[in-house]
Amino acid sequence: MIVDDPTGTPLNVRDSPNGSINRTLNNGTVIWTNITRSNKEFGYDSQWVYVGNMYCDFTCFINRGVVYAPYLIPANP
């Protein structure tokens, strides 16, 4: 997935939906998500997606968190 936040600010990575902000990611950052775990923890209709133990653009490391899924686009549309 690729960060595509239309608000003009970096995308917040939170500890839970609407929770505390752990870090931010700039538009264009490539990230990996865990859709299966997201669906299990937040429900299939949730707009939040789990990101955990993943590298983004090989420059940053996120231990765990969730991001707002509508602000992501597929890396290979």
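### Describing the overall build of the protein chain
- A count of helical and extended segments in the protein chain gives one helix and six strands.
- For the protein chain, the sequential pattern of α-helices and β-strands runs β-β-β-α-β-β-β.
- Within the protein chain, buried positions represent 29% of all 77 residues.
- By sequence separation, contacts in the protein chain at least 24 residues apart represent 48% of the contacts at least 6 residues apart.
- Summed over its atoms, the accessible surface of the protein chain is roughly 4800 Å², and 49% of this surface lies on carbon and sulfur atoms.

### Details of the nonpolar core
- Residues Val3, Leu11, Val13, Leu25, Ile31, Val49, Val51, Val67 and Leu72 constitute the largest nonpolar core, which totals nine residues.
- Listed by contribution, the elements that provide at least two residues to this core are strand S2 (11–14) and strand S4 (48–56).

### Topic: the confidence of the model for the protein chain
- Predicted confidence across the protein chain gives a mean pLDDT of 81, with 78% of residues reaching 70 or more.
- When mean pLDDT is compared element by element in the protein chain, S2 scores highest at 93, while S4 scores lowest at 69.

### Quick notes on the packing of aromatic side chains
- Overall, the coordinates contain two aromatic pairs when judged by the stated rule.
- A connected cluster of aromatic rings, assembled from ring pairs, spans Trp48, Tyr68 and Tyr71.

### Thoughts on the pairing of strand S3 (residues 21–25)
- The sheet contact formed by S2 and S3 spans four bridges and is antiparallel. Within the sheet, the bridge partner assigned to Leu11 lies in S3 and is Leu25.
- Following S2, the chain reverses through six residues before pairing antiparallel with S3; Asn18 in that reversal takes a positive phi of roughly 60°.

### With respect to the side chain of Asp5
- By the element assignment, Asp5 lies in the loop between strand S1 (2–3) and S2.
- Despite its burial, Asp5 pairs with no opposite charge, the nearest such side chain being Arg14 at 9.0 Å.
- Polar contacts involving the side chain of Asp5 include one to the side chain of Thr7, which spans 2.7 Å.
- What Asp5 contacts, discounting residues up to four positions off in sequence, is Pro10, Leu11, Asn27 and Tyr71.

### Brief notes about the environment of Ile31
- Assignment of secondary structure puts Ile31 in the loop between S3 and helix H1 (35–42).
- Overall, the relative accessible area of 0% leaves Ile31 in the buried class.
- Residues Ile31 and Leu72, 41 residues apart in the sequence, show an inter-C-alpha distance of 9.1 Å.

### Comments concerning unusual backbone geometry
- Although it is not a glycine, Asn18 sits at a positive phi angle of roughly 60°.
- Position of Asn18 among the secondary structure elements: in the loop between S2 and S3.

How each quantity is defined
The numbers attached to residues start from 1 for each chain and follow its sequence in the written order. With the structure being a predicted model, the display of local features is reserved for residues of pLDDT at least 70 and the display and counting of side-chain atom pairs for 80 or more, all residues being used for whole-chain, interface and lining totals. Here the side-chain values reflect all heavy atoms present in the structure, with hydrogen atoms and water set aside. Labels follow the DSSP assignment, with helices taken as runs of H or I lasting at least four residues and strands as runs of E lasting at least two, numbered in each case from the N terminus. Each residue's exposure class comes from its accessible area (1.4 Å probe, protein chains only) as a fraction of the maximum for that residue type: buried when under 20%, exposed when over 50%, partly exposed otherwise. We call two residues in contact when some of their heavy atoms are within 4.5 Å. The method behind every accessible area is Shrake-Rupley, applied with a 1.4 Å probe, and residues are considered shielded solely by the protein chains displayed. As used here, the term nonpolar core means buried Ala, Val, Leu, Ile, Met, Phe, Trp, Tyr and Cys residues forming a set that is joined through side-chain atoms within 4.5 Å. Values of pLDDT, which run from 0 to 100, indicate the predictor's confidence residue by residue. Any pair of Phe, Tyr and Trp rings, taking the six-membered ring for Trp, is counted once the centres come within 6.5 Å. Such a pair is stacked with planes under 30 degrees apart, edge-to-face with planes over 60 apart, and tilted for the rest. Pairing between strands is defined by DSSP: at least two bridges between the two strands are required. This count recognises Lys and Arg as positive and Asp and Glu as negative, with His and chain-terminal groups excluded. We define a salt bridge as a contact between a side-chain nitrogen of Lys or Arg and a carboxyl oxygen of Asp or Glu at a distance within 4 Å. Definition of a polar contact: a pair of N or O atoms within 3.5 Å, with one able to donate and the other able to accept a hydrogen when the atoms are protein atoms, and with sequence-neighbouring residues admitted only if both atoms are side-chain atoms.

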